[in-house]
Amino acid sequence: MTVRVVLADDHPVVRDGLQVLLASVDGISVVGVAENGPEAVRAAVTLQPDVLVMDIHMPGGDGVAATKEVARVAPAVGVLMLTMLDDDETVRAAVRAGAAGYVLKGSSQQQIVRAIQAVAAGDSILGSGVARHVLDAAAGRVSAPPDPLQALTPRERQILGLLAGGLSTTAMAARLALTPKTVNNNLSTIFGKLGVANRTEAALFARGALRPDSALRPARAPDDSAD
């Protein structure tokens, strides 16, 4: 079956060069082009290509944001990043956004064609120029993102544990021998540290992140003067 491809790049020379290259390959057909992120998303929705070849830096919205939107509105479309950028942050952002492949523009024509075919087949592929980022992360050479729970004080962890258990502010205050106002003040601080908006989000975060071990089981806290 023919692999249907859309090319998204703001440089005409790159788009034209890719079109010439892919026109010479049996089984691949370029069905559309885009010059920016929004156009790429529209092409993914309207043309439903097998592969959307996406640049990173484009006007009107970068390729990473466009990839995230394509994953939402046209999840059957495989996105292959084709860019000059090979830094850790960009590679990780593209993968998190939903890109199935990431190759550099300095790759050979054969490598680019193979990457398109791999993404069309449902595989994930990283070009040799960016694979080291994944290997570095796997080997622990790329630091993991900080754990928001580490920013909580023991008192805040107690209150978060009780919140995850479904206790009301009044019940938490009684359990910890605090005033409801003190509990609410701690909750506001917890929300800020965890980056959540309300009690429900904090409780969901806690249920997925807190371990039900003795270190996290609420104990009687000091009186309000210790806050």
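Here, every reference points to the structure presented above.
These remarks concern the structure in this document.

Definitions and limits used
Each chain has its residues counted from 1, following the order in which its sequence is written. In view of the model being predicted, local features appear only for residues whose pLDDT reaches at least 70, and side-chain atom pairs are presented and counted only at 80 or more, with totals across whole chains, interfaces and linings using the full set of residues. Hydrogens and waters are ignored; side-chain quantities use all the structure's heavy atoms. Paired strands, in this sense, are two strands between which DSSP finds at least two bridges. We count a stretch as a helix when DSSP gives it H or I for four or more residues in a row; a strand needs E for two or more, and each element gets its number in order from the N terminus. By definition, residues are in contact when any of their heavy atoms lie within 4.5 Å. Every axis in this analysis is a line fitted to C-alpha atoms, fitted for helices over the stretch in contact. Angles between the N-to-C directions lie between 0 and 180 degrees. In this scheme, roughly parallel covers angles under 35 degrees and roughly antiparallel covers those over 145, while 65 to 115 is roughly perpendicular and the rest are oblique. Each residue is assigned to one of three groups, with Ala, Val, Leu, Ile, Met, Phe, Trp, Tyr, Cys and Pro labelled nonpolar, Asp, Glu, Lys and Arg labelled charged, and all others, Gly among them, labelled polar. Each residue is assigned to one of three classes by its accessible area relative to the maximum for its type, calculated with a 1.4 Å probe on protein chains only: buried under 20%, partly exposed between the two thresholds, exposed over 50%. Expected helix span is given by 1.5 Å per residue-to-residue step, counting one fewer step than there are residues. We call a set of buried Ala, Val, Leu, Ile, Met, Phe, Trp, Tyr and Cys residues a nonpolar core when their side-chain atoms join them within 4.5 Å. Two helices crossing with the near one rotated counterclockwise from the far one by less than a right angle form a left-handed crossing, whereas a clockwise rotation gives a right-handed crossing.

Digging into the sheet that holds strand 4 (residues 78-83)
Taken in spatial order, the 6 strands line up as 2-1-3-4-5-6 in an open sheet, and their pairing is parallel. Either end of the sheet is taken by a strand with one partner, and the two such strands are strand 2 (28-34) and strand 6 (125-126). Along the sheet face, helix 1 (residues 12-23) touches strand 1 (3-8), strand 2 and strand 4 and points at about 165° away from the line of strand 2.

A short note on the packing of helix 7 (residues 154-164) against helix 9 (residues 180-194)
Interhelical geometry of helix 7 versus helix 9 gives an angle of 95° and a closest axis separation of 10 Å. The angle between helix 7 and helix 9 places the two elements in the roughly perpendicular class. Note on element contacts: helix 9 touches helix 7 through Val183, Asn186, Leu187, Thr189, Ile190, Lys193 and Leu194, opposite Arg155, Glu156, Ile159, Leu160 and Leu163. Of the residues assigned to the contact of helix 7 with helix 9, the class counts are 7 nonpolar, 2 polar and 3 charged.

Description of the environment of Ala40
Here Ala40 is to be found in helix 2 (residues 37-47). Overall, the relative accessible area of 0% leaves Ala40 in the buried class. Look past the residues within four positions of Ala40 in its chain and what remains in contact with it is Ala8, Ala34, Leu52 and Met54.

Topic: unusual backbone geometry
With the exception of glycine, most residues fall at negative phi, and the peptide bonds are largely trans. Backbone geometry at Gln48 places phi at a positive 45°, although glycine is not the residue there. The backbone of Ala177 sits at a positive phi, close to 60°, despite the residue not being glycine. Checked against the element boundaries, Ala177 lands in the loop between helix 8 (169-176) and helix 9. In this structure Ala177 comes out as partly exposed when scored by relative accessible area, which is 32%.

Section: helix 5 (residues 109-120)
If you check helix 5, its first and last C-alpha atoms are 17 Å apart, about what 12 residues at 1.5 Å a residue would give, namely 16 Å. Looking only at helix 5, the buried set comprises Ile112, Val113, Ala115, Ile116, Ala118 and Val119. Following helix 5 by one or two positions, Gly122 has its phi on the positive side, about 90°.

With respect to the nonpolar core
With 24 residues, the main nonpolar core has Ala8, Leu52, Met54, Val70, Met81 and Tyr102 as its most contacted residues. Elements that contribute at least two residues to this core include exactly strand 1, helix 2, strand 3 (51-54), helix 3 (63-73), strand 4, helix 4 (88-97) and strand 5 (101-104). Sorting elements by how many residues they give to this core places helix 2 first, with 4 residues. Ranked by size, the runner-up nonpolar core spans 21 residues in total, among them Leu149, Leu160, Ala164 and Ala202.

Some points on the packing of helix 3 against helix 4
Between helix 3 and helix 4, the least distance of the axes is 8 Å, while the angle of their chain directions is 15°. Judged on the interaxial angle alone, helix 4 and helix 3 are roughly parallel. In this structure, helix 3 meets helix 4 at a crossing whose hand is right-handed. Each of Val64, Thr67, Lys68 and Ala71 in helix 3 lies in contact with helix 4, whose residues at this interface are Ala93, Ala94 and Ala97.

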